[in-house]
Amino acid sequence: GNNHPCPRRSTPLLAHSTMAAAAVVAAAASADRAHDAAAGGLQARLEAKQREAEELKAKIQQRRLLTQSLKVQLQSAGVAETGFVPGHISSGAGGGGAGAASDAGHAVRRGR
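Residue numbers restart at each chain and count upward from 1, following the sequence in its written direction. Totals for whole chains, interfaces and linings use every residue, but because this is a predicted model, local features are given only for residues with pLDDT of at least 70 and side-chain atom pairs only at 80 or more, for both listing and counting. Side-chain figures throughout are based on the complete set of non-hydrogen atoms in the structure, without hydrogens or water.

Asker: Just to check I follow, could you spell out the overall build of the protein chain for this structure?
Answerer: Each helix is a run of H or I in the DSSP string that is no shorter than four residues. Each strand is a run of E no shorter than two, and both are numbered from the N terminus. The number of helices and strands found in the protein chain is two helices and two strands. When its helices and strands are written in sequence order, the protein chain yields α-β-α-β. Buried residues in the protein chain amount to 4% of all 112 residues. Pairs of residues are marked as contacts when any of their non-hydrogen atoms sit within 4.5 Å. Once local pairs closer than 6 in sequence are excluded, the contacts in the protein chain between residues at least 24 apart make up 52%. Exposure categories follow from relative accessible area, calculated using a 1.4 Å probe and restricted to protein chains: below 20% of the type maximum is buried, above 50% is exposed, and the middle band is partly exposed.

Set out below in structure tokens:
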């Protein structure tokens, strides 16, 4: 006799378990593909940002060389101070004042 509390299911349960397992495997494979695609996208974005950083570094270097060249030209033309703020103006307590601020940005020419 069949005294087991659950009725015996042979083929339908096995088929259902196999289909469920196949669905889990397919979902995992799909998730792996999505993860790989996302990682590939992140890698491409990282590489683009690295190229952009290199381009910016090159531009900064060019601007520094141009600045240096322009300072040399100003010095050869007789300009004593090539900074934005004249040397007699300083930051902090007692430095400059309202009148001195109006001189900011003006180059000082050496006497010849």
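Asker: Which parts of the structure should I look at to understand the confidence of the model for the protein chain?
Answerer: Parts of the prediction with low pLDDT should not have their coordinates interpreted in detail. Each residue gets a pLDDT score, which is the predictor's confidence in that residue and runs from 0 to 100. For the protein chain, the mean per-residue pLDDT works out to 77, and 69% of the residues sit at or above 70. Per-element confidence in the protein chain ranges from a low mean pLDDT of 48 for helix H2 (residues 98–101) to a high of 88 for helix H1 (residues 11–76). When the criterion is pLDDT under 50, residues 98–104 qualifies, and its contacts beyond four places in sequence or with other chains add up to seven contacts.

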